[in-house]
Amino acid sequence: MNECNAHPNIDILSYSEVIGLVGDTGDFTARVRRKARFVNEDKCTGCGDCASKCPSKIPNEYNGNLDKRKSIYLPYPQAVPRVMTIDKERCLYLTNGKCGNCKKVCNAGAVDYDMKDSFLDINVAAVIVATGFDLFDPTSMEEYGYGKYANVLTAMEYERMICASGPTMGHLETAPGKEHPKKLAFIQCIGSRDLQHNAYCSSVCCMHAVKEAMLAREHYEDIEPYIFYTDLRAVGKGFEEYTKRAHKEYGIQYIRARPGQITEDAATKKLSIWYDDTVNRKVRKLEADMAVLCTCLVPAKGHEELSRTLNIDIDKDGFFRSIDGVTAPLDSARAGVFLAGYCQSPKDIPESVAQGSGAAARAAEVAGGKSQ
Amino acid sequence: MKQIIRDTKAYYCVECGKCSGYCPVARVNPDFLPRVIVEKSISGFNKDVEEDKELLSRQMIVPCVSLPQK
(Lines give C-alpha, C1' and ligand atoms only; values in the text may rest on other atoms or scores of the structure.)
Protein backbone atom coordinates (compact mmCIF):
# COMPACT_ATOMS: atom_id res chain seq x y z
CA MET A 1 0.00 0.00 0.00
CA ASN A 2 2.87 2.35 0.82
CA GLU A 3 4.41 1.63 -2.55
CA CYS A 4 1.12 2.46 -4.21
CA ASN A 5 0.82 5.68 -2.24
CA ALA A 6 4.32 6.75 -3.23
CA HIS A 7 3.84 6.06 -6.95
CA PRO A 8 4.04 9.33 -8.97
CA ASN A 9 1.05 8.35 -11.18
CA ILE A 10 -1.27 7.30 -8.36
CA ASP A 11 -3.38 9.65 -6.24
CA ILE A 12 -5.18 8.07 -3.31
CA LEU A 13 -8.31 9.91 -2.19
CA SER A 14 -9.03 8.33 1.17
CA TYR A 15 -12.17 9.07 3.24
CA SER A 16 -13.93 10.01 0.00
CA GLU A 17 -16.83 8.66 -1.98
CA VAL A 18 -18.00 8.88 -5.56
CA ILE A 19 -21.39 10.59 -5.65
CA GLY A 20 -21.89 10.93 -9.37
CA LEU A 21 -20.57 9.62 -12.66
CA VAL A 22 -21.56 11.24 -15.93
CA GLY A 23 -20.22 10.82 -19.44
CA ASP A 24 -19.26 7.82 -21.43
CA THR A 25 -16.46 5.29 -21.60
CA GLY A 26 -13.14 7.02 -22.19
CA ASP A 27 -14.50 10.35 -20.96
CA PHE A 28 -16.25 10.17 -17.61
CA THR A 29 -16.55 12.93 -15.05
CA ALA A 30 -16.66 11.54 -11.55
CA ARG A 31 -17.89 13.75 -8.72
CA VAL A 32 -16.15 12.89 -5.47
CA ARG A 33 -17.13 13.99 -1.98
CA ARG A 34 -14.05 14.36 0.17
CA LYS A 35 -15.46 13.97 3.63
CA ALA A 36 -14.15 16.36 6.25
CA ARG A 37 -11.66 14.51 8.45
CA PHE A 38 -10.97 17.68 10.49
CA VAL A 39 -7.25 17.10 10.06
CA ASN A 40 -5.21 18.73 7.31
CA GLU A 41 -3.71 15.89 5.28
CA ASP A 42 -0.74 17.94 4.14
CA LYS A 43 0.26 18.92 7.67
CA CYS A 44 -0.50 15.77 9.70
CA THR A 45 2.52 13.54 10.30
CA GLY A 46 0.57 10.72 11.96
CA CYS A 47 2.63 11.03 15.16
CA GLY A 48 -0.35 10.18 17.37
CA ASP A 49 0.17 12.91 20.03
CA CYS A 50 -3.45 13.94 19.56
CA ALA A 51 -4.81 10.42 20.13
CA SER A 52 -2.79 10.03 23.34
CA LYS A 53 -4.49 13.15 24.77
CA CYS A 54 -8.00 12.38 23.49
CA PRO A 55 -10.25 11.50 26.45
CA SER A 56 -12.86 9.47 24.56
CA LYS A 57 -13.05 5.69 24.44
CA ILE A 58 -14.84 4.12 21.51
CA PRO A 59 -15.06 0.44 20.54
CA ASN A 60 -12.30 -0.24 18.03
CA GLU A 61 -13.93 -1.63 14.88
CA TYR A 62 -10.61 -2.78 13.47
CA ASN A 63 -10.02 -5.05 16.49
CA GLY A 64 -13.52 -6.51 16.37
CA ASN A 65 -14.60 -4.07 19.14
CA LEU A 66 -12.44 -5.99 21.63
CA ASP A 67 -10.55 -2.87 22.72
CA LYS A 68 -10.99 0.89 22.55
CA ARG A 69 -9.80 3.59 20.23
CA LYS A 70 -10.00 7.38 20.48
CA SER A 71 -12.20 9.88 18.61
CA ILE A 72 -9.13 11.04 16.69
CA TYR A 73 -7.56 7.94 15.29
CA LEU A 74 -5.77 5.95 12.63
CA PRO A 75 -7.93 2.93 11.71
CA TYR A 76 -4.89 0.66 12.14
CA PRO A 77 -1.13 1.21 12.45
CA GLN A 78 -0.23 0.56 8.78
CA ALA A 79 -3.07 2.71 7.42
CA VAL A 80 -2.34 4.64 4.22
CA PRO A 81 -2.14 7.60 4.09
CA ARG A 82 -0.79 7.97 7.60
CA VAL A 83 -3.16 10.78 8.55
CA MET A 84 -5.43 11.01 11.58
CA THR A 85 -9.19 11.40 11.25
CA ILE A 86 -11.71 12.76 13.74
CA ASP A 87 -14.85 10.70 14.23
CA LYS A 88 -17.29 13.63 14.13
CA GLU A 89 -20.14 11.73 15.76
CA ARG A 90 -18.06 10.89 18.82
CA CYS A 91 -15.69 13.85 19.20
CA LEU A 92 -16.46 15.89 22.33
CA TYR A 93 -15.51 19.17 20.66
CA LEU A 94 -17.54 18.60 17.51
CA THR A 95 -20.59 17.33 19.38
CA ASN A 96 -20.51 19.50 22.53
CA GLY A 97 -17.92 22.19 21.95
CA LYS A 98 -15.86 20.96 24.92
CA CYS A 99 -12.31 19.57 25.08
CA GLY A 100 -10.17 20.66 22.09
CA ASN A 101 -7.14 18.73 23.41
CA CYS A 102 -6.02 17.44 20.04
CA LYS A 103 -5.75 20.94 18.58
CA LYS A 104 -3.76 22.10 21.61
CA VAL A 105 -1.16 19.31 21.44
CA CYS A 106 -0.75 19.13 17.65
CA ASN A 107 2.73 20.49 16.87
CA ALA A 108 2.01 20.49 13.14
CA GLY A 109 -1.13 22.60 13.56
CA ALA A 110 -3.05 20.09 11.48
CA VAL A 111 -6.31 19.92 13.44
CA ASP A 112 -9.05 22.07 11.90
CA TYR A 113 -12.49 21.81 13.53
CA ASP A 114 -14.07 24.07 10.88
CA MET A 115 -13.27 21.77 7.98
CA LYS A 116 -16.19 21.11 5.63
CA ASP A 117 -16.83 18.36 3.09
CA SER A 118 -15.33 19.36 -0.25
CA PHE A 119 -16.20 18.24 -3.74
CA LEU A 120 -13.95 17.35 -6.59
CA ASP A 121 -14.69 16.63 -10.25
CA ILE A 122 -12.24 14.29 -11.94
CA ASN A 123 -12.06 13.44 -15.61
CA VAL A 124 -11.42 9.72 -15.96
CA ALA A 125 -11.36 7.26 -18.83
CA ALA A 126 -12.51 4.21 -16.88
CA VAL A 127 -13.72 3.22 -13.43
CA ILE A 128 -12.89 0.05 -11.49
CA VAL A 129 -15.23 -0.85 -8.65
CA ALA A 130 -13.52 -2.87 -5.91
CA THR A 131 -15.54 -2.20 -2.77
CA GLY A 132 -15.04 -5.62 -1.20
CA PHE A 133 -17.23 -7.02 1.56
CA ASP A 134 -18.61 -6.57 5.04
CA LEU A 135 -19.26 -9.25 7.65
CA PHE A 136 -22.66 -10.70 8.37
CA ASP A 137 -23.83 -9.86 11.89
CA PRO A 138 -24.86 -13.13 13.58
CA THR A 139 -26.73 -11.44 16.47
CA SER A 140 -30.05 -12.23 14.79
CA MET A 141 -29.29 -15.97 14.91
CA GLU A 142 -30.31 -16.36 18.52
CA GLU A 143 -29.62 -20.11 18.60
CA TYR A 144 -25.87 -19.37 18.69
CA GLY A 145 -26.04 -16.73 21.41
CA TYR A 146 -23.64 -14.30 19.79
CA GLY A 147 -23.64 -11.07 21.78
CA LYS A 148 -25.17 -12.90 24.75
CA TYR A 149 -22.52 -15.48 25.59
CA ALA A 150 -19.04 -14.12 26.29
CA ASN A 151 -17.21 -17.03 24.71
CA VAL A 152 -18.98 -16.97 21.36
CA LEU A 153 -16.89 -14.91 18.93
CA THR A 154 -16.96 -14.19 15.23
CA ALA A 155 -14.03 -15.33 13.14
CA MET A 156 -12.87 -11.72 12.76
CA GLU A 157 -12.80 -11.19 16.52
CA TYR A 158 -10.87 -14.44 16.91
CA GLU A 159 -8.47 -13.38 14.16
CA ARG A 160 -7.69 -10.10 15.97
CA MET A 161 -7.35 -11.90 19.30
CA ILE A 162 -4.78 -14.38 18.01
CA CYS A 163 -2.82 -11.68 16.15
CA ALA A 164 0.37 -10.71 18.01
CA SER A 165 -0.39 -7.00 17.49
CA GLY A 166 -4.07 -7.42 18.42
CA PRO A 167 -5.92 -6.35 21.56
CA THR A 168 -4.76 -9.34 23.66
CA MET A 169 -1.24 -9.53 22.16
CA GLY A 170 -2.00 -12.87 20.56
CA HIS A 171 -3.46 -14.62 23.62
CA LEU A 172 -6.77 -16.39 23.36
CA GLU A 173 -8.79 -15.37 26.39
CA THR A 174 -12.04 -16.89 27.59
CA ALA A 175 -14.42 -15.50 30.19
CA PRO A 176 -14.16 -15.64 33.14
CA GLY A 177 -10.53 -15.78 34.22
CA LYS A 178 -8.88 -15.14 30.83
CA GLU A 179 -7.46 -18.67 30.52
CA HIS A 180 -6.90 -20.00 27.05
CA PRO A 181 -9.56 -22.41 25.79
CA LYS A 182 -8.91 -26.17 25.86
CA LYS A 183 -11.66 -27.05 23.43
CA LEU A 184 -12.19 -24.66 20.58
CA ALA A 185 -15.03 -25.08 18.08
CA PHE A 186 -15.33 -23.41 14.70
CA ILE A 187 -18.81 -23.33 13.19
CA GLN A 188 -19.06 -22.88 9.44
CA CYS A 189 -21.80 -21.40 7.25
CA ILE A 190 -23.15 -18.83 9.72
CA GLY A 191 -25.61 -16.88 7.61
CA SER A 192 -24.39 -18.43 4.37
CA ARG A 193 -25.89 -21.37 2.47
CA ASP A 194 -28.96 -20.51 4.47
CA LEU A 195 -32.15 -19.41 2.75
CA GLN A 196 -33.18 -17.35 5.74
CA HIS A 197 -30.09 -15.17 5.33
CA ASN A 198 -27.78 -15.58 2.33
CA ALA A 199 -28.22 -18.48 -0.05
CA TYR A 200 -24.70 -18.34 -1.48
CA CYS A 201 -21.46 -19.87 -0.19
CA SER A 202 -18.93 -17.28 1.02
CA SER A 203 -16.17 -19.42 -0.47
CA VAL A 204 -13.35 -18.46 1.92
CA CYS A 205 -14.52 -19.61 5.38
CA CYS A 206 -13.61 -23.30 5.11
CA MET A 207 -10.00 -22.43 4.45
CA HIS A 208 -9.70 -19.62 6.99
CA ALA A 209 -11.25 -21.82 9.68
CA VAL A 210 -8.61 -24.48 9.01
CA LYS A 211 -5.87 -21.85 9.12
CA GLU A 212 -7.19 -20.36 12.36
CA ALA A 213 -7.50 -23.78 13.97
CA MET A 214 -3.88 -24.50 13.04
CA LEU A 215 -2.82 -21.14 14.49
CA ALA A 216 -4.49 -22.07 17.78
CA ARG A 217 -2.46 -25.28 17.92
CA GLU A 218 0.73 -23.37 17.18
CA HIS A 219 0.01 -21.06 20.11
CA TYR A 220 -1.09 -23.73 22.60
CA GLU A 221 -0.02 -27.39 22.65
CA ASP A 222 -3.00 -28.58 24.71
CA ILE A 223 -5.78 -27.02 22.65
CA GLU A 224 -8.28 -29.24 20.81
CA PRO A 225 -9.79 -27.53 17.77
CA TYR A 226 -12.99 -28.85 16.17
CA ILE A 227 -14.46 -27.65 12.89
CA PHE A 228 -18.18 -28.12 12.29
CA TYR A 229 -18.62 -28.04 8.54
CA THR A 230 -21.51 -28.45 6.11
CA ASP A 231 -19.31 -29.49 3.21
CA LEU A 232 -15.60 -28.79 3.53
CA ARG A 233 -15.03 -26.80 0.37
CA ALA A 234 -11.29 -26.93 -0.20
CA VAL A 235 -11.32 -25.84 -3.83
CA GLY A 236 -7.95 -24.60 -5.04
CA LYS A 237 -4.38 -25.58 -5.57
CA GLY A 238 -3.02 -27.31 -2.48
CA PHE A 239 -6.15 -26.60 -0.41
CA GLU A 240 -7.26 -30.23 -0.04
CA GLU A 241 -3.75 -31.22 1.06
CA TYR A 242 -3.78 -28.36 3.56
CA THR A 243 -6.99 -29.59 5.22
CA LYS A 244 -5.56 -33.12 5.40
CA ARG A 245 -2.32 -31.85 6.91
CA ALA A 246 -4.30 -29.89 9.51
CA HIS A 247 -5.88 -33.15 10.63
CA LYS A 248 -2.73 -35.27 10.52
CA GLU A 249 -0.14 -32.90 11.91
CA TYR A 250 -2.25 -30.55 14.02
CA GLY A 251 -4.94 -32.95 15.24
CA ILE A 252 -7.82 -30.81 14.03
CA GLN A 253 -11.09 -32.72 14.19
CA TYR A 254 -13.66 -32.23 11.45
CA ILE A 255 -17.28 -32.90 12.33
CA ARG A 256 -19.87 -32.94 9.55
CA ALA A 257 -22.72 -31.03 11.13
CA ARG A 258 -24.23 -27.63 11.38
CA PRO A 259 -24.88 -27.20 15.11
CA GLY A 260 -28.47 -26.48 16.05
CA GLN A 261 -27.91 -24.61 19.26
CA ILE A 262 -25.30 -23.35 21.69
CA THR A 263 -26.15 -23.18 25.38
CA GLU A 264 -24.06 -21.68 28.13
CA ASP A 265 -23.43 -22.68 31.72
CA ALA A 266 -24.10 -19.38 33.50
CA ALA A 267 -21.51 -20.00 36.24
CA THR A 268 -18.52 -21.41 34.35
CA LYS A 269 -19.34 -19.76 30.98
CA LYS A 270 -18.61 -23.07 29.29
CA LEU A 271 -20.56 -23.77 26.14
CA SER A 272 -22.52 -26.84 25.07
CA ILE A 273 -22.80 -27.19 21.33
CA TRP A 274 -25.70 -29.39 20.25
CA TYR A 275 -25.34 -31.03 16.88
CA ASP A 276 -26.53 -33.91 14.75
CA ASP A 277 -23.50 -36.05 13.98
CA THR A 278 -24.67 -36.64 10.42
CA VAL A 279 -22.12 -39.38 9.75
CA ASN A 280 -23.26 -41.47 12.72
CA ARG A 281 -26.87 -40.24 12.85
CA LYS A 282 -26.78 -39.26 16.51
CA VAL A 283 -27.51 -36.03 18.30
CA ARG A 284 -24.50 -35.18 20.42
CA LYS A 285 -23.24 -32.40 22.61
CA LEU A 286 -19.74 -30.95 22.57
CA GLU A 287 -18.57 -29.12 25.68
CA ALA A 288 -16.36 -26.30 24.46
CA ASP A 289 -14.61 -23.33 26.03
CA MET A 290 -14.89 -21.09 23.00
CA ALA A 291 -16.98 -21.12 19.83
CA VAL A 292 -15.95 -19.19 16.73
CA LEU A 293 -18.69 -18.38 14.23
CA CYS A 294 -17.38 -18.25 10.67
CA THR A 295 -19.81 -15.66 9.41
CA CYS A 296 -20.93 -15.03 5.88
CA LEU A 297 -19.21 -12.31 3.86
CA VAL A 298 -21.77 -9.91 2.42
CA PRO A 299 -21.40 -7.09 -0.15
CA ALA A 300 -20.01 -3.90 1.41
CA LYS A 301 -22.43 -1.48 3.03
CA GLY A 302 -23.70 1.13 0.60
CA HIS A 303 -23.45 -1.09 -2.48
CA GLU A 304 -27.05 -0.35 -3.48
CA GLU A 305 -26.48 3.38 -3.37
CA LEU A 306 -23.24 2.97 -5.31
CA SER A 307 -25.03 0.89 -7.94
CA ARG A 308 -27.45 3.77 -8.48
CA THR A 309 -24.67 6.35 -8.54
CA LEU A 310 -22.66 4.44 -11.13
CA ASN A 311 -25.75 3.12 -12.92
CA ILE A 312 -24.65 -0.52 -12.75
CA ASP A 313 -26.74 -3.54 -11.81
CA ILE A 314 -26.72 -5.65 -8.69
CA ASP A 315 -27.81 -9.27 -8.54
CA LYS A 316 -30.22 -10.92 -6.09
CA ASP A 317 -27.47 -11.41 -3.50
CA GLY A 318 -26.37 -7.78 -3.71
CA PHE A 319 -23.17 -8.30 -5.68
CA PHE A 320 -22.47 -6.13 -8.71
CA ARG A 321 -23.56 -7.90 -11.84
CA SER A 322 -21.17 -8.43 -14.74
CA ILE A 323 -22.52 -8.73 -18.27
CA ASP A 324 -21.39 -12.34 -18.51
CA GLY A 325 -20.09 -14.33 -15.59
CA VAL A 326 -18.08 -16.63 -17.83
CA THR A 327 -16.76 -14.59 -20.75
CA ALA A 328 -16.80 -11.08 -19.28
CA PRO A 329 -16.66 -11.34 -15.49
CA LEU A 330 -15.00 -7.92 -15.11
CA ASP A 331 -17.36 -5.85 -17.27
CA SER A 332 -20.39 -4.18 -15.74
CA ALA A 333 -23.40 -3.33 -17.89
CA ARG A 334 -22.08 0.23 -18.24
CA ALA A 335 -19.20 0.42 -20.71
CA GLY A 336 -16.01 1.66 -19.09
CA VAL A 337 -16.98 0.58 -15.57
CA PHE A 338 -15.20 -2.59 -14.47
CA LEU A 339 -15.56 -4.83 -11.44
CA ALA A 340 -12.92 -6.63 -9.41
CA GLY A 341 -12.84 -8.74 -6.29
CA TYR A 342 -15.50 -9.66 -3.74
CA CYS A 343 -17.90 -6.88 -4.80
CA GLN A 344 -18.56 -8.92 -7.94
CA SER A 345 -18.89 -12.38 -6.37
CA PRO A 346 -17.45 -14.41 -3.48
CA LYS A 347 -13.80 -15.25 -4.04
CA ASP A 348 -10.49 -15.59 -2.21
CA ILE A 349 -7.35 -13.43 -2.30
CA PRO A 350 -5.54 -15.02 -5.31
CA GLU A 351 -8.70 -14.70 -7.42
CA SER A 352 -9.21 -11.10 -6.30
CA VAL A 353 -5.61 -10.28 -7.23
CA ALA A 354 -6.12 -11.86 -10.64
CA GLN A 355 -9.33 -9.90 -11.18
CA GLY A 356 -7.61 -6.69 -10.07
CA SER A 357 -4.91 -7.18 -12.69
CA GLY A 358 -7.54 -8.09 -15.28
CA ALA A 359 -9.67 -5.03 -14.53
CA ALA A 360 -6.58 -2.80 -14.72
CA ALA A 361 -5.82 -4.23 -18.16
CA ARG A 362 -9.41 -3.64 -19.33
CA ALA A 363 -9.27 -0.06 -18.03
CA ALA A 364 -5.92 0.48 -19.78
CA GLU A 365 -7.52 -0.56 -23.06
CA VAL A 366 -10.13 2.17 -22.65
CA ALA A 367 -7.63 4.77 -21.47
CA GLY A 368 -5.39 3.97 -24.43
CA GLY A 369 -8.31 4.52 -26.82
CA LYS A 370 -8.42 0.93 -28.02
CA SER A 371 -11.69 -0.12 -26.46
CA GLN A 372 -13.25 -3.25 -27.96
CA MET B 1 -45.85 -36.12 0.26
CA LYS B 2 -44.64 -34.60 -3.02
CA GLN B 3 -46.88 -31.61 -2.36
CA ILE B 4 -45.41 -31.18 1.13
CA ILE B 5 -41.91 -31.32 -0.27
CA ARG B 6 -42.83 -28.70 -2.86
CA ASP B 7 -44.58 -26.43 -0.35
CA THR B 8 -41.80 -26.57 2.21
CA LYS B 9 -39.05 -26.46 -0.44
CA ALA B 10 -37.52 -29.44 1.36
CA TYR B 11 -35.52 -30.23 -1.79
CA TYR B 12 -33.19 -27.39 -0.77
CA CYS B 13 -32.14 -29.45 2.26
CA VAL B 14 -28.35 -29.73 2.48
CA GLU B 15 -28.60 -32.39 5.18
CA CYS B 16 -26.51 -30.27 7.52
CA GLY B 17 -28.42 -31.49 10.57
CA LYS B 18 -29.19 -28.09 12.05
CA CYS B 19 -32.81 -29.12 12.58
CA SER B 20 -31.82 -32.21 14.58
CA GLY B 21 -29.19 -30.28 16.51
CA TYR B 22 -31.84 -27.78 17.60
CA CYS B 23 -34.69 -30.24 18.17
CA PRO B 24 -35.39 -30.82 21.87
CA VAL B 25 -37.11 -34.14 21.14
CA ALA B 26 -34.03 -35.54 19.42
CA ARG B 27 -31.93 -34.86 22.52
CA VAL B 28 -33.98 -37.31 24.59
CA ASN B 29 -35.16 -39.72 21.91
CA PRO B 30 -32.31 -41.17 19.82
CA ASP B 31 -34.80 -42.61 17.28
CA PHE B 32 -36.21 -39.23 16.36
CA LEU B 33 -34.06 -37.24 13.95
CA PRO B 34 -35.76 -34.52 11.86
CA ARG B 35 -32.90 -34.55 9.36
CA VAL B 36 -33.37 -38.25 8.67
CA ILE B 37 -37.12 -37.74 8.19
CA VAL B 38 -36.46 -35.05 5.58
CA GLU B 39 -33.69 -37.10 4.01
CA LYS B 40 -35.98 -40.12 3.67
CA SER B 41 -38.86 -38.04 2.29
CA ILE B 42 -36.89 -36.36 -0.45
CA SER B 43 -35.00 -39.48 -1.45
CA GLY B 44 -38.19 -41.48 -2.10
CA PHE B 45 -38.59 -43.50 1.10
CA ASN B 46 -42.02 -41.92 1.67
CA LYS B 47 -43.51 -45.07 3.08
CA ASP B 48 -41.00 -45.23 5.89
CA VAL B 49 -41.92 -41.71 6.88
CA GLU B 50 -45.69 -42.14 6.48
CA GLU B 51 -45.66 -45.27 8.61
CA ASP B 52 -43.17 -44.00 11.16
CA LYS B 53 -44.75 -44.79 14.51
CA GLU B 54 -42.46 -42.41 16.34
CA LEU B 55 -43.61 -39.56 14.15
CA LEU B 56 -47.32 -40.48 14.19
CA SER B 57 -47.46 -41.08 17.92
CA ARG B 58 -46.18 -37.64 18.65
CA GLN B 59 -49.15 -35.60 19.84
CA MET B 60 -47.38 -32.31 19.55
CA ILE B 61 -44.41 -31.65 17.37
CA VAL B 62 -42.58 -28.50 18.38
CA PRO B 63 -42.81 -26.16 15.40
CA CYS B 64 -39.35 -26.03 13.95
CA VAL B 65 -37.85 -22.57 14.14
CA SER B 66 -34.36 -23.24 12.96
CA LEU B 67 -34.46 -25.24 9.75
CA PRO B 68 -31.92 -23.23 7.77
CA GLN B 69 -33.09 -24.10 4.28
CA LYS B 70 -36.72 -23.35 5.07
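Bear in mind that the values here come from a model prediction, so they are computed numbers and not experimental data. (Residues numbered from 1 in each chain as written. Chains lettered and ligands numbered in written order. Predicted model: local features only at pLDDT ≥ 70, side-chain atom pairs only at ≥ 80, totals over all residues. Heavy atoms only, no water.)

Peer 1: I would appreciate a short explanation of the overall build of chain A in the present structure.
Peer 2: Per the secondary structure count, chain A includes 9 helices and 21 strands. Its C-alpha atoms give chain A principal-axis dimensions of about 65 × 55 × 35 Å. Split into buried and exposed, the 372 residues of chain A put 44% on the buried side. When contacts within chain A are restricted to residue pairs at least 6 apart in sequence, long-range pairs at least 24 apart make up 61% of them. Of the roughly 19,100 Å² of accessible surface on chain A, a fraction of 51% belongs to carbon and sulfur atoms. Each charge class in chain A was averaged separately, 47 positive and 50 negative side chains, and the resulting centres sit 3 Å apart. (Helix = DSSP H or I, 4+ residues; strand = E, 2+ residues; numbered from the N terminus. Buried < 20%, exposed > 50% of the residue type's maximum accessible area, 1.4 Å probe, protein only. Contact = heavy atoms within 4.5 Å. Areas by Shrake-Rupley, 256 points an atom, 1.4 Å probe, with all protein chains shown as cover. Lys, Arg positive; Asp, Glu negative; His and termini not counted. Charge placed at Lys NZ, Arg CZ, Asp CG, Glu CD.)

Peer 1: Could you clarify how one ought to interpret the overall build of chain B in this entry?
Peer 2: Within chain B one finds 6 helices and 0 strands. Buried residues in chain B amount to 36% of all 70 residues. For chain B, contacts bridging at least 24 residues in sequence account for 50% of all contacts bridging at least 6. Accessible surface, chain B: about 4,400 Å² in total, of which carbon and sulfur atoms supply 57%.

Peer 1: Which parts of the structure should I look at to understand the side chain of Ser332 of chain A?
Peer 2: Residue and element names in this part refer to chain A. Tracing the backbone shows Ser332 in strand 20 (residues 328–332). Judged by relative accessible area, Ser332 falls into the buried class, the value being 4%. At 3.1 Å, the side chain of Ser332 forms a polar contact with the backbone oxygen of Arg334. Excluding anything up to four places from it in sequence, Ser332 contacts Ile312, Arg321, Ser322, Ile323, Val337 and Leu339. (Polar contact = N/O pair within 3.5 Å; in protein donor to acceptor, adjacent residues only side chain to side chain.)

Peer 1: I would appreciate a short explanation of the packing of aromatic side chains in the present structure.
Peer 2: A ring pair, where both rings are aromatic, is described by two values, the distance of the centres and the angle of the planes. All names here are of chain A. Per the stated rule, a full pass over the model turns up 8 aromatic pairs over all chains. Between the aromatic rings of Tyr200 and Phe319, the centroid separation amounts to 5.0 Å while the plane-to-plane angle is 70°, which identifies the pairing as edge-to-face. Placement of Tyr200 in the loop between strand 11 (183–190) and helix 6 (205–219) and of Phe319 in the loop between helix 8 (303–310) and strand 19 (322–324) is noted, with a sequence separation of 119 residues between them. The burial state of Tyr200 is the same as that of Phe319; both residues are buried. Over the ring of Tyr15 we find Lys35, and its NZ or CZ is 5.2 Å from the ring centre. When the ring centre of Tyr73 is taken as reference, the NZ or CZ atom of Arg69 above it lies at 3.8 Å. (Phe/Tyr/Trp six-rings, centres within 6.5 Å; stacked < 30°, edge-to-face > 60°. Lys NZ or Arg CZ within 6 Å of the ring centre and 35° of its normal.)

Peer 1: Is there a simple way to explain helix 8 of chain A in this structure?
Peer 2: For an α-helix, 3.6 residues make a turn, and residues three or four places apart therefore share a direction. All names here are of chain A. Within the span of helix 8, buried status applies to His303, Leu306, Ser307, Thr309 and Leu310. Buried residues of helix 8, viewed axially, fall in a sector of 160°; they line one side. Counted as exposed and oriented over 90 degrees from the buried face of helix 8: Glu305 and Arg308. Against the buried residues of helix 8 lie strand 1 (16–24), strand 8 (127–129) and strand 18 (297–299). Where helix 8 ends, the next residue or the one after it, Asn311, has phi of about 60°, a positive value. (Arc of directions from axis to C-beta.)

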